[in-house]
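# Working through the structure, step by step
Chain by chain, the residues run as shown.
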Amino acid sequence: MAVRHQLIHATPHQVWAVLADASRYADWVVGTSESRVARGLWPELGSALEYTVRIGPWTASGLTVVRRVDAPGELELEVDSGPLGTARVAIEVRSWGRESLAIVDEHPLRGIGGTLHNAALDALIQLRHRDMLKRLASVVEETSASDGHVQV
C-alpha cells in the first residue's frame, strides 16, 4: 500500500485551489510535463485531463479521470497510463490546525501495474509521492504567499 502524507503551510481551501486548477497539474504531478483538459470542468465528477510525460527523447500521453470528488477535502482519480495500466490515486486534504495535511493513497487497478503490484512497486510509488507532495506543498505555499495569505 502506497500511502504518504505532507504537512502544507496553507489552509485546505488554498490546497484545493491548486488541486482544482487544471493548468497547475503538471506543476505538482511528478513526471508530467504538460496537461490539458480533455473533457468536462475539472475537477467535476467524470472530467478528465490529458497529460504528457517526457523522459529524455521518449514521450507518452495518458488520461486522468475524476472518479470521486468532495471539495475541499477529497479527490479520487483514475490515472490511465496506457500499456502500464490504470491506478487509483486518492488525495485527501485535512485541516491540521491552521495548516493542512495532504494524504495520497495510490493503488494499481488494471493492466501490468495491477498484475505486478508488489512491495517493490509500492516503494517506487512512495518515492514518487514524496516528490509529488513536496512539489504540491511548494506550489500551494508559493501561491498563498503571492496572494498575501501566508500561514505560520
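Residues numbered from 1 in each chain as written. Predicted model: local features only at pLDDT ≥ 70, side-chain atom pairs only at ≥ 80, totals over all residues. Heavy atoms only, no water.

## Considerations on the overall build of the protein chain
In plain terms, the rule: Under the DSSP-based scheme used, a helix requires at least four consecutive residues in state H or I and a strand at least two consecutive residues in state E, with every element numbered from the N terminus. Only protein chains enter the area calculation, which uses a 1.4 Å probe; residues under 20% of their type maximum are buried, those over 50% are exposed, and those in between are partly exposed. For this analysis, residues touch if any pair of their heavy atoms sits within 4.5 Å. Calculation of accessible area relied on Shrake-Rupley with a 1.4 Å probe; when residues are assessed, cover is drawn exclusively from the protein chains displayed.
Within the protein chain, the regular secondary structure consists of 4 helices and 7 strands. Ordering the α and β elements of the protein chain from the N terminus gives β-α-α-β-β-β-β-β-β-α-α. Projecting the C-alpha coordinates of the protein chain onto the three principal axes gives extents of approximately 45 × 30 × 30 Å. Counting all 152 residues of the protein chain, 41% fall into the buried class. For the protein chain, long-range pairs separated by at least 24 residues make up 47% of all intrachain contacts whose partners lie at least 6 apart in sequence. Accessible area for the protein chain stands at about 8,000 Å²; split by element, carbon and sulfur atoms hold 56% of it.

## Let's talk about the nonpolar core
Stated precisely, the cut-off is as follows: We define a nonpolar core as any set of buried Ala, Val, Leu, Ile, Met, Phe, Trp, Tyr and Cys residues linked to one another through side-chain atoms lying within 4.5 Å.
If you look at the biggest cluster of nonpolar residues, it comprises 29 residues, and the most contacted ones within it are I8, L19, W28, I91, L136 and V140. Elements represented by at least two residues in this core include exactly α1 (12–19), α2 (25–28), β3 (48–55), β5 (74–80), β6 (86–96), β7 (99–110) and α4 (119–146). At 6 residues, the largest contribution of residues to this core is made by α4. Excluding residues within four positions of it along the chain, L19 makes contact with W28, W42, L75, I91, V93 and L136.

## What about the packing of aromatic side chains?
The following threshold applies: Within 6.5 Å between ring centres, the rings of Phe, Tyr and Trp (the latter by its six-membered ring) count as paired, and their orientation is classed by plane angle as stacked under 30 degrees, edge-to-face over 60, tilted in between.
Applying the stated criterion to the full structure yields 2 aromatic pairs. Aromatic side chains Y25 and W28 sit 5.7 Å apart centroid to centroid with 70° between the ring planes, which places their arrangement in the edge-to-face category. A residue pair is termed a helical-turn pair when its members lie 3 or 4 positions apart in one helix, as Y25 and W28 do in helix α2 at 3 residues. In this pair, the class of Y25 matches that of W28, namely buried.

## Some words on the side chain of T32
Relative to the helices and strands, T32 resides in strand β2 (residues 32–39). In this structure, T32 is in contact with Y25, A26, Y51 and T52, ignoring residues within four places of it in sequence.

## Comments concerning the layout of surface pockets
It is the rolling of a water-molecule-sized probe over the atoms that shows where space remains empty. For clarity, the cut-off: Cavities and pockets were defined on a 1 Å grid built from protein atoms only: a cavity is a group of points that admits a 1.4 Å probe but offers it no way out, a pocket is an open group of points flanked by protein on both sides within 12 Å along at least five of seven lines, and a lining residue is one with an atom within 4 Å of any such point. Grid points are joined across faces, edges and corners, and a volume is the space filled by probe spheres set on the points. Under the grouping applied here, Gly and all other residues not named as nonpolar or charged are polar, the nonpolar ones being Ala, Val, Leu, Ile, Met, Phe, Trp, Tyr, Cys and Pro and the charged ones Asp, Glu, Lys and Arg.
The space that makes up the largest pocket amounts to roughly 860 Å³. Lining the largest pocket are 32 residues, and of these Y51, S81, L84, E106 and R128 sit closest to its centre. Breaking the lining of the largest pocket down by element, the ones donating at least two residues are α2, β3, β4 (58–70), β5, β6, β7 and α4. Its residues assigned to classes, the lining of the largest pocket comprises 21 nonpolar, 9 polar and 2 charged.

## Observations concerning a nonpolar patch on the surface
To keep things clear, this is the line we draw: Each patch is assembled from residues with relative accessible area greater than 30% and no salt bridge, linking like charges that lie within 9 Å and nonpolar side chains (Val, Leu, Ile, Met, Phe, Trp, Tyr) that lie within 5 Å. Every case where a carboxyl oxygen of Asp or Glu lies within 4 Å of a side-chain nitrogen of Lys or Arg is listed as a salt bridge.
Taken together, the side chains of L84, I112 and L116 define a hydrophobic patch exposed on the protein surface, amounting to about 300 Å² of accessible area. Its location among the elements puts I112 in helix α3 (residues 111–115). By relative accessible area, which is 43% here, I112 ends up partly exposed.

## A few points about the confidence of the model for the protein chain
Rules: What pLDDT reports is the predictor's confidence in each residue, on a scale of 0 through 100.
Averaged over the protein chain, the pLDDT score is 89; the fraction of residues at 70 or greater is 95%. Across the protein chain, element-level confidence peaks in α1 with a mean pLDDT of 97 and bottoms out in α3 with 75.

## A short note on α4
Filter applied, for reference: Helix span, expected: 1.5 Å multiplied by one less than the number of residues in the helix.
With 28 residues, α4 should cover 40 Å at 1.5 Å per step; its first-to-last C-alpha distance of 40 Å lies within 8% of that length. Listing the buried residues of α4 in full gives D122, I125, Q126, H129, M132, L133, L136, A137, V139, V140 and S144. Against β1 (2–8), α1, α2 and β7 lie the buried residues of α4.

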